[in-house]
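# Breakdown of the fold
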Amino acid sequence: VRLLGPHSEVQAVPDGEAALQAMWQQRPDLLLSDVMMPRLDGFALLTAVRADAQLRDIPVILLSARAGEEAQAEGLDAGADDYLVKPFAARELLVRVRSNLELARIRREAADQLREEARRLALLNSTGAAIAAELDLERLVQIVTDAAVELTGAKFGAFFYNVEDDRG
């Protein structure tokens, strides 16, 4: 709290169960957890967060006194986004928190773009199927116009065309 409080809103809790309860009440932007905690340790908390559909994409940084490559690999293999060995420098913690928040923002934006692209492709696919099945010209033009409005985000759409009669 002392290190991050001046830069962020920080909520400190006494153990892993309280952390999980707090996260369900107010979704955090990042979880910073010690590995050694009473009632629910950092690994169990991480497992619970990754299993929860509403929380699984929250970046998690684990803190531990266990140093070495093996301990760090264990934390990252368990699903943590970062692993910081105690004692650590205040600046290092701030940089890691900032970089994990930025990476989470980039992931969210990429996921939003993918969802939007999938929506557009589904609309184009269903429009193509409707065009292939439609024989009525007016209905066909309406289907294409409605799809164009949806794809462009326009408030309305109109399609003007001339129909030639036997006099031209």
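Counting from 1, residues in each chain are numbered in the order their sequence is written. At least 70 in pLDDT is required for a residue's local features to be given in this predicted model, at least 80 for side-chain atom pairs to be given and counted, and no such filter applies to totals for whole chains, interfaces and linings, which use all residues. By convention in this description, side-chain values take in all heavy atoms of the structure and omit both hydrogens and water.

Let us now look at the nonpolar core. Buried residues of nine kinds, namely Ala, Val, Leu, Ile, Met, Phe, Trp, Tyr and Cys, make up a nonpolar core once their side-chain atoms join them within 4.5 Å. Burial classes follow relative accessibility: with a 1.4 Å probe on protein chains only, a residue under 20% of its type's maximum area counts as buried, one over 50% as exposed, and anything between as partly exposed. Leu31, Leu45, Val49 and Leu62 are the most contacted members of the largest nonpolar core, which has 18 residues in total. Those elements that provide at least two residues to this core are helix 1 (16-25), helix 2 (42-51) and strand 2 (60-64). By definition, any uninterrupted DSSP run of H or I lasting at least four residues is a helix, any uninterrupted run of E lasting at least two residues is a strand, and each is numbered from the N terminus. Ranked by residue count, the leading element in this core is helix 2, at four residues. Contact between two residues is taken to exist if any of their heavy atoms lie within 4.5 Å; hydrogens are not considered. Residues contacting Leu31, with those up to four places away along its chain left out, are Met23, Leu45, Val49, Ile58, Pro59, Val60 and Ile61.

Only one face of strand 1 (residues 31-34) is covered, namely the face carrying Leu31 and Ser33; the face carrying Leu32 and Asp34 is uncovered. Crossovers are marked right-handed if the path from the first strand over the helix to the second runs clockwise, as seen with the strands pointing away from the viewer. Viewed along the sheet, the connection from strand 1 through helix 2 into strand 2 turns out right-handed.

Let us now look at the packing of helix 1 against helix 2. For every element, the axis is a line fit to its C-alpha atoms; helices are fit only across the contacting stretch, and the angle between N-to-C directions ranges from 0 to 180 degrees. In the contact formed by helix 1 and helix 2, the axes pass within 9 Å of each other and the chain directions differ by 25 degrees. Taken together, helix 1 and helix 2 sit at an angle that is classed as roughly parallel. The element helix 1 and its partner helix 2 pack so that their crossing is right-handed. Across the interface between the two elements, Gly16, Ala19, Leu20 and Met23 of helix 1 pack against Leu45, Ala48 and Val49 of helix 2. Residues of the contact of helix 1 with helix 2, tallied by class, amount to six nonpolar, one polar and no charged. Any angle between 65 and 115 degrees counts as roughly perpendicular, while under 35 counts as roughly parallel, over 145 as roughly antiparallel, and the rest as oblique. Each crossing gets its handedness from the near helix: less than a right angle anticlockwise from the far helix is left-handed, clockwise is right-handed. Three classes are used: nonpolar for Ala, Val, Leu, Ile, Met, Phe, Trp, Tyr, Cys and Pro, charged for Asp, Glu, Lys and Arg, and polar for all others, with Gly counted as polar.

This brings us to the side chain of Asp15. Relative to the elements of secondary structure, Asp15 occurs in the segment before helix 1. Asp15 gets classed as buried once you look at its relative accessible area, which sits at 6%. By the criterion applied in these results, polar contacts are pairs of N or O atoms within 3.5 Å in which, for protein atoms, one can donate a hydrogen and the other can accept it, and in which residues neighboring in sequence qualify only through two side-chain atoms. In this structure the side chain of Asp15 is engaged in a polar contact, spanning 3.5 Å, whose partner is the side chain of Arg39. The contact partners of Asp15, leaving out residues within four places of it in the chain, are Met37, Pro38 and Arg39.

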